[in-house]
Structures are given as structure tokens and as C-alpha cells.
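# Structure at a glance
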Amino acid sequence: MSKQENEIPPGCIEVKRQTKHLRHRWKWVETSIWTDNMLTALENGVKGGKWFSLIDKVYSKSTLWKAWIKVAENKGAAGIDRVSIERFSENAEKYLNELRNDLIKDEYKPEAVRRVYIPKDGGKKRPLGIPTVKDRIVQTAVKMVIEPILENEFCSMSYGFRPGKGCKDALREVQHWINEGYTWVLDADLQSYFDTIPHENLMKKLGQYISDGRILNLVKGWLKQEIMEESKSWIPGEGSPQGAVISPLLANLYLHDLDTLITKQGIKMVRYADDFVILTKSERTAKIIKDVVEIWTEKNGLIIHPGKTHIGDCSVEGQGFDFLGYRFEVGTRWIRKKSIQKFRDTIRKKTKRTCGKSIEYAIKSVNRSLKGWYNYFKHVNKWGDKSLDTFDSFVRRRLRAVLRVQNKRPGFGRCIKDHIRWPNKYFANLGLFTMSKARALEIACQSR
């Protein structure tokens, strides 16, 4: 104990240590919102298990300003009002004051959500809702206030869109249980989960923890936001739009009861948003749990996708399962075929021969995808039915095709003359990231 601590009463020292540990556990929360007293109440439990009078924390100047900073950092497109991040930033203080006054007077009304579509595997498209910048700010402010309350309840096996957790954590846990002999796996898929969450049930679940009527009304208003798509518009009767800041938190809340139901029985489950696997040591247990999941989802207004849900022993060839881009089978982990196809599609999009961009620009753009993809998949046991050299060669061939067009020479960059004119060293000198080289360097470092 230091001389300074000797001069402080023992009780005060213990309080300081407890506060330090408390702050460390909740280091991601906004300190201006979540004071030491509030965090202590959060861990010890509040009367009735519900939190009252939270709206003042939402409309405080510091909360709205921090919410705006988060929205600005995330960038994103303009909403239905066409006010972009850049345009909002020009008069941010004015807009935030207007927003604050509307919230104080209970006159804030969310605007319509702009509906767009983003590509999915298999040529399908996923609907995405884009709220206005103002709505994203209020949603962020509410999320900053209520997320710790819900996080305090969530189970540890849920990894999607949670502070300090991510895909790799979920993958590590799956691998751990497989190594422990839990090889019979129920690989489940919820059909159109975000679009089918029943509003009334969701609000009841939220009401178990939040009793501030104005907070609940804000959430209800976002669930009922008008959706506009080109010349059409409608009010959704169910679902939480993907793209809304608050949606991932609400989606985790809705599945929390399922997490609790399964894990309280000692069953191993790993969930990332609406994608989850349940791992057991026998086929019989896996089938029983499948029935339990189906009963729960039907009762809660959700649907298990019959074509994407199966039970198998992943230690047997042909009975493995896909999870978060990986394939688990026969004691190995490799990249699933859809992930490889998505990688190729991304590179093709960034190396269109008619893009009109310089080769330096193309390489810079491609490098971002290559580094992210490699860092995510570098811990696989094998790279599907391909080698890293195959991926690198594919990228260079696409870049050679771009160079051919720039030199007014049609073709696909496959001929030997192209390799002579633009050898691998040419792209290396321009800074092209090479996955096989990155892998070799890592292996060399590990062997030292």
C-alpha cells in the first residue's frame, strides 16, 4: 500500500477499488450518462427490476452531441429528407438544439424510412432501411441510455452486435465445444428474422426492463415508421428495419428468452444475431432441442427455415455446417464456398475493365478487401479447395485485364505476354497486398 493510501481510511480505499473495477467492466458505456451510482444500481438490481425516468438522459445536450458524433463517424447515406451527414454538420448545433427541444416537449416524430436493397448470396437482395440523420441521432441516444440495462441481462453466448464481442469470439467458442466432443450440431436459420419480429411481443419484452413511457413510445414509433420505396409507401405491421441504429439491440432482446431457455438446460449454444448453432454430444439430444426451438419460435411469431436448418455430426464427412462464413467438418475449419464466391464477386466489382480509374486507385481499393478478408479467414485449417496462390493469381489477372483496356488492348489478362509485360513484381512494387506472402511471413514469425 502506498503512503498516500495509508492516509486514506480503509473503507474509502475499498470503495475506490470497487469503483475502478466497476468502471473497467463497463468501460464502453458513456460516463456522462452512466454514473458510478447508476452502474452500482445496475449490478445490484433496481426496485421491481425496471428502470424509470430515463428520457432526460436521452435529450441532454451531451448525450445528443455524442450521439451525433457516433452517427457522423459511421457515415451512411441520407434519409428520405436527403439531408446528408455533410449537410447536417454545417448546422449541427442548430439541428441538435431543435431536436432537443422537440424531445423535451414530447413533439419529436420520426420521419419515413427510405427503403433500398443490397445484394445477398445467390443473387437475392436484402431490404435495408435508411432513417434520416436526425432519427439516427435520437436512436443512438436512446441506445446509449438503454443498452447497458439490456446488456446486463444478455447471455454470454450471444455475440452479434454487442460491445467487446464479435464474429471471431463466436467462432472460437464453437471450435472449443467441438473440440470438447459436442459434434452433433443443430444448425438453425430464422426465416426473414428482422422483418418478422412481432411488435407487440417485442414491446412487452422491452417493458420488462424499461418503464419510462416516453422511451417506450420512441421505440414503438420507430417500429411503426412509414417505409418509402420509390413511389410506394406503407406502415409495417411487424419487423425492425435493418439499417436502423436500434434494430440490432432490439433483435438481441427478442431472442434473449430463447438463449436463456436453451442455456439454462446446460445445452451449448452460440448465437450471432439471428444465426445460431446448438452443439450436443448425441443425435437424440439435438433432435429434442430442435423440437424445443421450433415450439419457442412458433409461440413467439418466428419461423425456422426448413431448408436451411439441419442436424448432423460434424465429425463425419458431409455432415458439417456453415457458420459466419466458415465450414466446420471432420475436425477442420475452412472457408465455405459462398464466402469464396462473395470474395470473387467483390474483386470483380472493384476491377471492372471499364471503370476508368488508374491502376493505383484499383490496387488501393482492392487492398482494403484483401486485407480484411485475409485477416478474417487466416486461421482456417485449409482454404477450401483453393490455395492462397490461387486467390492472389485471380486478383492479378483481374488487374492485368484492367491494364489491357487502359492500353486499348481487348482481352482478359490471361495470356503469357501479359504476364511478361506486367509480372507479379510489377504489382508488388505498386503495393498490391499478397495473401500468400502475408501468410508466409506469419508462419516465419511463429517459428522463431
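Keep in mind it's a predicted model, so treat the numbers as computed, not measured.

Secondary structure assignment for the protein chain yields 20 helices and 11 strands. A principal-axis box enclosing the C-alpha atoms of the protein chain has dimensions of 75 × 65 × 60 Å. Per-residue burial for the protein chain yields a buried fraction of 46% across its 448 residues. Within the protein chain, residue pairs in contact and separated by at least 24 positions form 69% of the contacts whose partners lie at least 6 positions apart.

Attention now moves to the pattern of salt bridges. Per the stated rule, a full pass over the model turns up 19 salt bridges. Arg327 is paired through a salt bridge with Asp322; the nearest N and O atoms lie 3.2 Å apart. Among the charged side chains, a salt-bridge network with shared partners connects Glu30, Lys66 and Lys70.

What follows deals with the packing of aromatic side chains. Per the stated rule, a full pass over the model turns up 18 aromatic pairs. With centroids separated by 4.7 Å and ring planes inclined at 40 degrees, the aromatic side chains of Trp68 and Phe88 adopt a geometry described as tilted. Placement of Trp68 in helix α5 (residues 61-74) and of Phe88 in helix α6 (residues 85-90) is noted, with a sequence separation of 20 residues between them. For Trp68, a relative accessible area of 7% corresponds to the buried category. Look at Tyr426 and Phe427: their rings are 5.2 Å apart centre to centre, the planes differ by 80 degrees, and that puts the pair in the edge-to-face class. Under the relative-accessibility criterion, Tyr426 is labelled partly exposed at 28%. An aromatic cluster of three or more residues is present, and its members are Tyr326, Phe343, Trp373, Tyr376, Phe377 and Phe391. We note Lys357 situated over the ring of Tyr361; from NZ or CZ to the ring centre the distance is 5.1 Å.

Going residue by residue along strand β10 (residues 326-329), you find Tyr326 and Phe328 tucked away on one face and Arg327 and Glu329 tucked away on the opposite face as well. In this structure, strand β9 (residues 321-323) lies alongside β10, joined through three bridges in antiparallel fashion. When the sheet's bridge partners are listed, Phe321 is paired in β10 with Phe328. Two successive antiparallel strands, β9 and β10, enclose a turn made up of two residues, where Leu324 displays a positive phi of approximately 50 degrees.

Side chains that are three or four residues apart share a direction in an α-helix, a result of its 3.6 residues per turn. Relative to the 27 Å expected for 19 residues at 1.5 Å per residue, helix α8 (residues 133-151) spans 25 Å between its end C-alpha atoms, a close match to the ideal helical length. A large share of α8 lies buried, amounting to 17 of its 19 residues.

What follows is about a positive patch on the surface. Positive charge collects at one region of the surface, where Lys120, Lys124, Arg126, Lys308, Lys338 and Lys342 lie side by side. With respect to the helices, strands and loops of the structure, Lys308 is situated in the loop between α14 (283-299) and β8 (310-313).

Moving on, we get to the sheet that holds strand β5 (residues 232-234). Judged by pairing direction, the sheet is mixed, and its four strands sit side by side in the order β2-β1-β4-β5 without closing on themselves. The open sheet has two edge strands, β2 (125-130) and β5, and neither has a second partner. Sheet twist, expressed as the mean angle between neighbouring strand axes with direction ignored, is 35 degrees. The pairing of strand β4 (residues 227-229) with β5 spans three bridges and is classified as antiparallel. Bridge pairing in β5 places Glu229 opposite Lys232.

Right, let's get into the environment of Asn217. Looking at the element boundaries, Asn217 is found in helix α12 (residues 213-223). By relative accessible area, which is 49% here, Asn217 ends up partly exposed. Considered as a pair, Asn217 and Glu317 are 100 residues apart in the sequence and their alpha carbons are 51 Å apart.

This part is about the sheet that holds β9. Where strands meet in a sheet, backbone hydrogen bonds hold them as pairs that are either parallel or antiparallel. Spatially, β9-β10-β11 is the arrangement adopted by the three strands of the open sheet, whose pairing is antiparallel. Sheet topology places β9 and β11 (332-335) at the edges, where each strand pairs with a single neighbour. Recorded for the sheet is a direction-independent mean angle of 30 degrees between the axes of neighbouring strands.

Here we take up the packing of helix α15 (residues 337-350) against helix α17 (residues 388-406). Their axes nearest at 10 Å, the elements α15 and α17 cross at an angle of 20 degrees. Of the possible angle classes, the one that applies to α15 and α17 is roughly parallel. As α15 runs across α17, the sense of the crossing is right-handed. For the pair α15 and α17, the contacting residues are Ile340, Phe343, Arg344, Ile347 and Arg348 in the first and Thr390, Phe391, Phe394, Val395 and Arg398 in the second.

Turning our attention to the pairing of strand β3 (residues 184-189). For β3, a buried count of five out of six residues is recorded, marking the element as mostly surrounded by other parts of the structure. Where β3 meets strand β7 (residues 275-280), six bridges bridge the pair, whose relative direction is antiparallel. Bridge assignment links Asp187 to a residue of β7, and that residue is Val277. Relative to β8, β3 is paired through four bridges, and the arrangement is antiparallel. Bridge assignment links Asp187 to a residue of β8, and that residue is His310.

Criteria and cut-off values
Residues numbered from 1 in each chain as written. Predicted model: local features only at pLDDT ≥ 70, side-chain atom pairs only at ≥ 80, totals over all residues. Heavy atoms only, no water. Helix = DSSP H or I, 4+ residues; strand = E, 2+ residues; numbered from the N terminus. Buried < 20%, exposed > 50% of the residue type's maximum accessible area, 1.4 Å probe, protein only. Contact = heavy atoms within 4.5 Å. Salt bridge = Lys/Arg side-chain N within 4 Å of Asp/Glu carboxyl O. Phe/Tyr/Trp six-rings, centres within 6.5 Å; stacked < 30°, edge-to-face > 60°. Lys NZ or Arg CZ within 6 Å of the ring centre and 35° of its normal. Pairing = 2+ DSSP bridges. Expected span 1.5 Å × (residues − 1). Patch = residues over 30% accessible without salt bridge, like charges linked within 9 Å, V, L, I, M, F, W, Y side chains within 5 Å. Areas by Shrake-Rupley, 256 points an atom, 1.4 Å probe, with all protein chains shown as cover. Lys, Arg positive; Asp, Glu negative; His and termini not counted. Charge placed at Lys NZ, Arg CZ, Asp CG, Glu CD. Axes fitted to C-alpha atoms, helices over the stretch in contact; angles between N-to-C directions. Parallel < 35°, antiparallel > 145°, perpendicular 65-115°, else oblique. Left-handed = near helix turned anticlockwise from the far one by under 90°.

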